[in-house]
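What follows is each chain in one-letter form.
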Amino acid sequence: MGAIGAGIAALGAGIGVGLIGRGALESMARQPEAIGDIRSNMILTAALVEGAALFAIVVGLLQGA
Amino acid sequence: MTNLFFLTDFSVIKPDPGLTFWTLLIFLLVWGVLGKLAFKPIQGALRKREQDIQTALDEAKKARDEMSHLKAKNEELLVEAREERSKMLKEAKEMKEAIVNEAKAKAKEEAQRVLSNAKQEIDNLRMAAMVDLQNQSGMLAIQVAEKILQRELKGDPEREAYVKTLVEGIKLN
Amino acid sequence: MLNLASFPMYAQDHGTEAASATHEEAHDTAAYDAVSTVMNHIADANEFHIWKGVHLPLPCFLYAPGEGWTFLSSGKFEHGHKAIDGYVLNHGRVNRIADPSFPKGEAHIEGIIHKEETMMSMGKEKKTDVYYAIHEGKEYKLDKPSTLDGGILGGGITSFYDFSITKNVMTMLLAAFLLIFIFVMVAKGYRKNDGKSPSGIQSFFEVFFVFIRDEVARPMIGEKHYERFQPFIMSLFFFILFCNLLGLLPIFPGSANVTGNLAVTLSLAVLAFIVTNINGKKHYWEHIFWMPGIPAWVKLILTPIEILGLFIKPFSLMIRLFANISAGHIIILSLIGLIFLFGKNGESLGGASAGIVVGGLFTAFMNLIELLVAFLQAFIFAILTASYIGAAVEEGHHEEAH
């Protein structure tokens, strides 16, 4: 069960990070002058999404223990 | 399968108090030492360098401004000098012309004077010559007249005496 | 290329592990146990494994309540064959025999056996690993060092505490030494090259310094306060970065899973939490306990969430770094484990060769990704800490802006 939960969490994080990447790329294409700002904010948001996913994965693995 | 990780000891997820203690100690050491010995001086040096670059740029800009100012001034001076030169040239030309004209006029005048002097001389000479001629011709006429009279008067002593007085009178003139 | 070249070393490393495991755990089959090998490699240890059979002994500082302190070198344990004052080295980690009937001083250990026992905890049956040391034909239960998880993660307070200079502590000391050495040199370079352009190591690290200052500290904390917190953010970034990079080295001074150990990330996250909250201004606390500008009933819902968020922030910092680095180590070790799995633990040369090709290529690829992750996670830890500090020291000026 825990492993399945971890897998679902990774799926969610994957979708989330993908959406962030898409949004960032689109805005970079639209505003190449703001690439620096967009990039650091993208990394920040991706890290937050990933943090939630890792949280879920750890909890999932613990549940399995 | 669910406890794959826990079948064998997944020890890294269990925080060890010893490792926590050492991490805190080492990190605080790094923070303290680097903060004091490295990050503060580096930040200060970077800031100083930024300021130096700024002042250098400002100074360069100032120097450039001054330079262009000087250049403009130079240009102005140059233009002025050129004007002055052309003015001087013009004046010199005028002066030259004036001198030449004056000289010409003077020369003309001189020539005129010389000419008129010469003319006068010539006139004088001619006058003298004429006077001379007149005198000569007068004398000649008298002599002729005397000879004629002598011949005619040889016969008449009275007349002869008279003519003699006349001639004497002319000669006295 | 470097990764491929370092392969035989890994192979030998694992070979010994697998062999010693079969030697010690008599009831185990000869099969290569990929999972326990990986787990042993990412775990902390009281001795530093250098080469096949060569270990660097590390000093052990052990404390057992009632017994007091024990100081010794881990070399004295003879890799688990000798017990000293009831302490035994089990898979590189010091364990303790709490049984008072076990003799004090030096004692010979015939072997260490592994048993799975079912335990009742929180109304659930749980399987746990228990190790026994055999001394003169008698089995003595081994206690693991105490951990701070309160039993949730299978650890808890046991009969002793391990304050030793472990493999991780040594790697951290090495990272700290390198950092101090390098940055003091860099700082000296600034003094030497005052008014001149930077040179050598100074210009290499200036790029990182300026990057962290201009991309992390200044925009996240704000022009007014950033200089106060800059040393903290920089120390975090460089300390995590150096630990990550040392962990990626497959040879001796590296390979320790430092930032992939929860104790390390916990300490760093706790420091970040403390630094953030002792610098919290009125504006910050107001936004947590009584968010201005919203109806009272929303405040009642929001306040618990905000208070929870206060702790979730450093918690996510801790988990993120730990999970990323641990996962990286596990993946690389698993890919190398393919060599032994394909080679059927030395029986099939063809399988091992296939494993070397497949595992090697994947490891080379993963190592490059891990290099990126090493920088990225250090950067993320620094930038998130900076943004939390930035939120804490922010003045109320943006209030008027809305």
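Being a predicted model, the structure only gives us computed values, none of them experimental. (Residues numbered from 1 in each chain as written. Chains lettered and ligands numbered in written order. Predicted model: local features only at pLDDT ≥ 70, side-chain atom pairs only at ≥ 80, totals over all residues. Heavy atoms only, no water.)

## Describing the confidence of the model for chain C
Residue and element names in this part refer to chain C.
- With 88% of its residues at a pLDDT of at least 70, chain C reaches an overall mean of 82.
- Mean pLDDT across the elements of chain C bottoms out in helix H1 (residues 2-5) (35) and peaks in helix H7 (residues 262-278) (94).
- What the predictor reports for the complex is a pTM of 0.76 with an ipTM of 0.86. (pLDDT = per-residue confidence, 0-100. Helix = DSSP H or I, 4+ residues; strand = E, 2+ residues; numbered from the N terminus.)

## Observations concerning the pattern of salt bridges
All names here are of chain B.
- One pass over the full model with this rule turns up 17 salt bridges over all chains.
- Across the pair Asp 52 and Lys 48 runs a salt bridge, and its minimum N-O distance is 3.7 Å. In this pair, Asp 52 and Lys 48 are both assigned in helix H2 (residues 17-153), four residues apart and thus about one turn of the helix distant.
- Take Asp 52: its relative accessible area is 35%, and that puts it in the partly exposed class.
- With relative accessibility at 37%, the residue Lys 48 sits in the partly exposed group. (Salt bridge = Lys/Arg side-chain N within 4 Å of Asp/Glu carboxyl O. Buried < 20%, exposed > 50% of the residue type's maximum accessible area, 1.4 Å probe, protein only.)

## Some thoughts on the side chain of Lys 167 of chain C
Residue and element names in this part refer to chain C.
- Residue position: Lys 167 is located in helix H4 (residues 167-192).
- It turns out Lys 167 is buried and unbridged, and the closest side chain with the opposite charge, Asp 44, is 7.0 Å from it.
- Among all residues touching Lys 167, those that are not within four sequence positions of it are His 41, Asp 44, Ala 45, Glu 47, Phe 48, Leu 58, Ser 255 and Ala 256. (Lys, Arg positive; Asp, Glu negative; His and termini not counted. Contact = heavy atoms within 4.5 Å.)

## Here we look at the environment of Leu 376 of chain C
All names here are of chain C.
- Within the secondary structure layout, Leu 376 lies in helix H10 (residues 349-393).
- Judged by relative accessible area, which is 28%, Leu 376 ranks as partly exposed.
- On a C-alpha basis, the gap between Leu 376 and Phe 237 in space is 9.9 Å, while along the polypeptide they are 139 residues apart.

## Quick word on the packing of H4 of chain C against helix H5 (residues 201-221) of chain C
Residues and elements named next belong to chain C.
- Between H4 and H5, the least distance of the axes is 9 Å, while the angle of their chain directions is 105 degrees. Here H4 lies roughly perpendicular to H5, going by the angle between them. Here H4 contributes Ile 182, Phe 183, Met 185, Val 186, Gly 189 and Tyr 190 to the contact with H5, which in turn contributes Ile 201, Gln 202, Phe 205 and Glu 206.
- Each residue belonging to the contact of H4 with H5 can be placed in one class, and the counts come to seven nonpolar, two polar and one charged. (Axes fitted to C-alpha atoms, helices over the stretch in contact; angles between N-to-C directions. Parallel < 35°, antiparallel > 145°, perpendicular 65-115°, else oblique. Nonpolar A, V, L, I, M, F, W, Y, C, P; charged D, E, K, R; others polar.)

## Topic: a nonpolar patch on the surface
All names here are of chain C.
- Side chains of Phe 289, Trp 290, Trp 297, Leu 300, Ile 301, Ile 305, Ile 307 and Phe 311 sit close together on the surface and give an oily, nonpolar patch of about 890 Å² of accessible area.
- The greatest single-element share of the nonpolar patch, amounting to six residues, is contributed by helix H9 (residues 296-342).
- Position of Trp 297 relative to the elements: it lies in helix H9.
- Residue classification places Trp 297 among the exposed residues on the basis of a relative accessible area of 62%. (Patch = residues over 30% accessible without salt bridge, like charges linked within 9 Å, V, L, I, M, F, W, Y side chains within 5 Å. Areas by Shrake-Rupley, 256 points an atom, 1.4 Å probe, with all protein chains shown as cover.)

## Notes on the packing of aromatic side chains
- Here the structure, examined in full by the defined rule, presents 30 aromatic pairs over all chains.
- Relative to Tyr 140 of chain C, the ring of Phe 102 of chain C lies with its centre 4.8 Å away and its plane at 80 degrees, an arrangement referred to as edge-to-face. Remark: Tyr 140 of chain C occurs in strand E11 (residues 138-143) and Phe 102 of chain C occurs in the loop between strand E7 (93-97) and strand E8 (106-108); sequence separation between them is 38 residues. Grouping residues by exposure puts Phe 102 of chain C and Tyr 140 of chain C together as buried.
- Aromatic ring contacts, followed pair by pair, group Phe 39 of chain B together with Phe 183, Phe 204, Phe 205, Phe 208, Phe 209, Phe 237, Phe 238 and Phe 375 of chain C into a single cluster.
- Of note, Lys 115 of chain C hangs over the ring of Tyr 132 of chain C, and the distance from its end group to the ring centre comes to 4.8 Å. (Phe/Tyr/Trp six-rings, centres within 6.5 Å; stacked < 30°, edge-to-face > 60°. Lys NZ or Arg CZ within 6 Å of the ring centre and 35° of its normal.)

## Notes on the nonpolar core
- Formed by 86 residues in total, the largest nonpolar core has its most connected members in Ile 42 of chain B together with Met 172, Phe 183, Ile 233, Phe 238 and Phe 239 of chain C.
- Element by element, the count of residues in this core is highest for helix H6 (residues 226-248) of chain C, at 14 residues.
- Look past the residues within four positions of Phe 238 of chain C in its chain and what remains in contact with it is Phe 39 of chain B together with Leu 179, Phe 183, Phe 205, Phe 208 and Phe 209 of chain C.
- Counting residues in hydrophobic clusters, the runner-up holds eleven residues, among them Ile 97, Phe 102, Ala 107 and Tyr 140 of chain C. (Core = buried A, V, L, I, M, F, W, Y, C linked by side-chain atoms within 4.5 Å.)

## Brief notes about the side chain of His 225 of chain C
All names here are of chain C.
- Structurally, the position occupied by His 225 is in the loop between H5 and H6.
- The buried category is assigned to His 225, whose relative accessible area is 12%.
- Those residues in contact with His 225, other than ones at most four positions away along the chain, are Lys 281, Val 393 and Glu 395.

## With respect to the confidence of the model for chain B
Residue and element names in this part refer to chain B.
- The pLDDT averaged across chain B works out to 85; a share of 92% of its residues lies at or above 70.
- Per-residue pLDDT, averaged within each element of chain B, yields its smallest value for helix H1 (residues 4-7) (44) and its largest for H2 (90).
- The low-confidence segment residues 1-7, where pLDDT is below 50, has 17 contacts with residues more than four positions distant or belonging to other chains.

## Considering the packing of helix H3 (residues 34-42) of chain C against H9 of chain C
Residue and element names in this part refer to chain C.
- Running from amino to carboxyl end, H3 crosses H9 at an angle of 140 degrees, the nearest separation of the two axes being 10 Å. By the angle class used here, H3 and H9 are oblique. As for the relative orientation of H3 and H9, their crossing is right-handed in sense. On the side of H3, the interface is formed by Ala 34, Val 38, Met 39, His 41 and Ile 42, while H9 contributes His 329, Ile 330, Leu 333, Ser 334 and Leu 341.
- Considered class by class, the residues forming the contact of H3 with H9 number seven nonpolar, three polar and no charged. (Left-handed = near helix turned anticlockwise from the far one by under 90°.)

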